[in-house]
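Listed below are the residues making up each chain.
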Amino acid sequence: EAAVTQSPRNKVAVTGGKVTLSCNQTNNHNNMYWYRQDTGHGLRLIHYSYGAGSTEKGDIPDGYKASRPSQENFSLILELATPSQTSVYFCASGDARLGGRDTLYFGAGTRLSVL
Amino acid sequence: AQKVTQTQTSISVMEKTTVTMDCVYETQDSSYFLFWYKQTASGEIVFLIRQDSYKKENATVGHYSLNFQKPKSSIGLIITATQIEDSAVYFCAMRVGYAQGLTFGLGTRVSVFP
């Protein structure tokens, strides 16, 4: 069954540490996205990718890097984690062939706490 | 810049009745796509229904339908014959352009009571 799988599901990190959130999709989609969800802000786009080797900045990219080594995998990297990055992070994939009609398929989310 | 506004933070309804929730969007583009998603208590986010800006007919999928009022930049979601499992947070979202992700509203929490 096609799916978007995120790991880890929960993560506790220390301030200043490096955190890598991973996402794998079996939908064979070109597009992948990283969002964070916070109370009062909803879902906000951090980075996205059109395919292997590409990463693009979303609306709130500061403090985050992304990596898309393959069609299936898309990682979000926090080089120096800060408490303000405590949030729930969602990965999603989308079918580029659909253009604007592309419907995002979301992973289950990663709950990150930076202490 | 695009903006999506959901003014209703929460709605409570009795089972088997109809619930309507509002969404207003802002964009300068003439072509755009509007989506509704549902987030369950477990955190799972699932796509429900989409409206293309150039289509006059309101989209309908199962017991979900849309009330698209383009002159008012409004896209309401209507759920008929609600069930307990419709209790969730509902997000309105918009895409302008291609492959740039979606802009989401803050969501409306719907509670369905027996």
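Bear in mind that the values here come from a model prediction, so they are computed numbers and not experimental data.

(A) View of the pattern of salt bridges. Residue and element names in this part refer to chain B. Taken as a whole, this structure holds 8 salt bridges over all chains when the rule is applied. Here Arg 50 ties to Asp 52 by a salt bridge, and the two come within 2.7 Å at their closest N and O atoms. Assessed through its relative accessible area of 24%, Arg 50 is described here as partly exposed. Classification of Asp 52 by relative accessible area gives buried; the value is 3%. Of the charged contacts, one joins Lys 55 and Asp 52 as a salt bridge, the two residues approaching to 3.9 Å between their closest N and O atoms. Overall, Lys 55 belongs to the partly exposed group, its relative accessible area being 36%.

(B) Molecular detail of the side chain of His 29 of chain A. Residue and element names in this part refer to chain A. By the element assignment, His 29 lies in the loop between strand 3 (19–25) and strand 4 (31–38). Here His 29 falls in the buried class, since its relative accessible area comes to 8%. Those residues in contact with His 29 that sit more than four places away from it in its chain are Arg 68, Gln 71, Ser 93, Gly 94, Asp 95 and Tyr 105.

(C) View of the interface of chain B and chain A. With 21 residues of chain B at the contact, the number on the chain A side is 20 residues. Summed over the shared surface of chain B and chain A, the result is 2 salt bridges. Between Asp 52 of chain B and Arg 101 of chain A there is a salt bridge; the shortest N-O distance is 3.4 Å. Inspection of the chain B/chain A interface yields 7 residue pairs in polar contact (both at pLDDT 80 or more). Secondary structure elements with two or more residues in the side of chain B that touches chain A: strand 5 (33–39), strand 6 (45–52) and strand 10 (88–95) of chain B. Considering only residue class, the side of chain B that touches chain A consists of 12 nonpolar, 6 polar and 3 charged.

(D) Seen up close, the confidence of the model for chain B. Overall, the prediction assigns chain B a mean pLDDT of 94, with 98% of residues at 70 or greater. The element-level mean pLDDT for chain B is lowest in strand 11 (residues 103–104) of chain B, coming to 94, with strand 9 (residues 74–79) of chain B highest at 98.

(E) Expanded view of the layout of surface pockets. Considering only enclosed or pocket space, the largest pocket measures out at about 600 Å³ in volume. Along its surface, the largest pocket is lined by 29 residues, and Gln 37 of chain A together with Gln 39, Val 89, Phe 91 and Arg 109 of chain B are the ones closest to its centre. If you list the elements that add at least two residues to the lining of the largest pocket, you get strand 4, strand 9 (87–94) and strand 11 (110–114) of chain A together with strand 10 and strand 12 (108–113) of chain B. Tallied by class, residues from the lining of the largest pocket come to 9 nonpolar, 16 polar and 4 charged. Approximately 350 Å³ is the volume attributed to the second largest pocket. What lines the second largest pocket is a set of 22 residues, among which Asp 59 of chain A together with Gln 2, Leu 102, Thr 103 and Phe 104 of chain B lie closest to the centre. Where the lining of the second largest pocket is concerned, the elements lending two or more residues are strand 5 (42–49) of chain A together with strand 1 (3–5), strand 10 and strand 11 of chain B. A total of 4 residues in the lining of the second largest pocket trace back to one element, the largest contributor, which is strand 5 of chain A. Classifying every residue of the lining of the second largest pocket gives 10 nonpolar, 7 polar and 5 charged.

(F) The state of the cysteines, seen in detail. Residues and elements named next belong to chain A. A full pass over the atoms with the stated rule returns 2 disulfides over all chains. Between the sulfur atoms of Cys 23 and its disulfide mate Cys 91 the distance is 1.9 Å. Disulfide Cys 23 to Cys 91: torsion about the S-S bond roughly -80°, handedness left-handed. Remark: Cys 91 occurs in strand 9 and Cys 23 occurs in strand 3; sequence separation between them is 68 residues.

Rules and cut-offs
The residue numbers shown here count from 1 along each chain, following its written sequence. Whichever chain is written first is A, and whichever ligand is written first is 1; the rest continue in order. Whole-chain, interface and lining totals are the exception, using all residues; otherwise, since this is a predicted model, local features are given only for residues with pLDDT of at least 70 and side-chain atom pairs are given and counted only at 80 or more. For side-chain calculations, the full set of non-hydrogen atoms in the structure is used, while hydrogens and water are omitted. What counts as a salt bridge is simple: a side-chain nitrogen of Lys or Arg found within 4 Å of a carboxyl oxygen of Asp or Glu. For the exposure calls, accessible area comes from a 1.4 Å probe over protein chains only, and a residue counts as buried if that area is under 20% of its type's maximum, exposed if over 50%, partly exposed in between. Under the scheme used here, helices are H or I runs from DSSP no shorter than 4 residues and strands are E runs no shorter than 2 residues, and both carry numbers assigned from the N terminus. Whether two residues touch is decided by their heavy atoms; if any such pair falls within 4.5 Å, the residues are in contact. Any pair of nitrogen or oxygen atoms within 3.5 Å is treated as a polar contact; in protein, a donor-acceptor pairing is required on top of that, and neighbouring residues in sequence qualify only through side-chain atoms on both sides. Following the grouping adopted for this structure description, the nonpolar residues are Ala, Val, Leu, Ile, Met, Phe, Trp, Tyr, Cys and Pro, the charged ones are Asp, Glu, Lys and Arg, and the polar ones are all others, Gly among them. Per-residue confidence from the predictor is given as pLDDT, running between 0 and 100. A 1.4 Å probe that fits but cannot get out identifies a cavity on a 1 Å grid over protein atoms alone, an open set with protein on both sides within 12 Å along at least five of seven lines counts as a pocket, and a residue lines either if it has an atom within 4 Å of a point. Grid points are joined across faces, edges and corners, and a volume is the space filled by probe spheres set on the points. When two cysteine sulfur atoms lie within 2.5 Å, the pair is treated as a disulfide.

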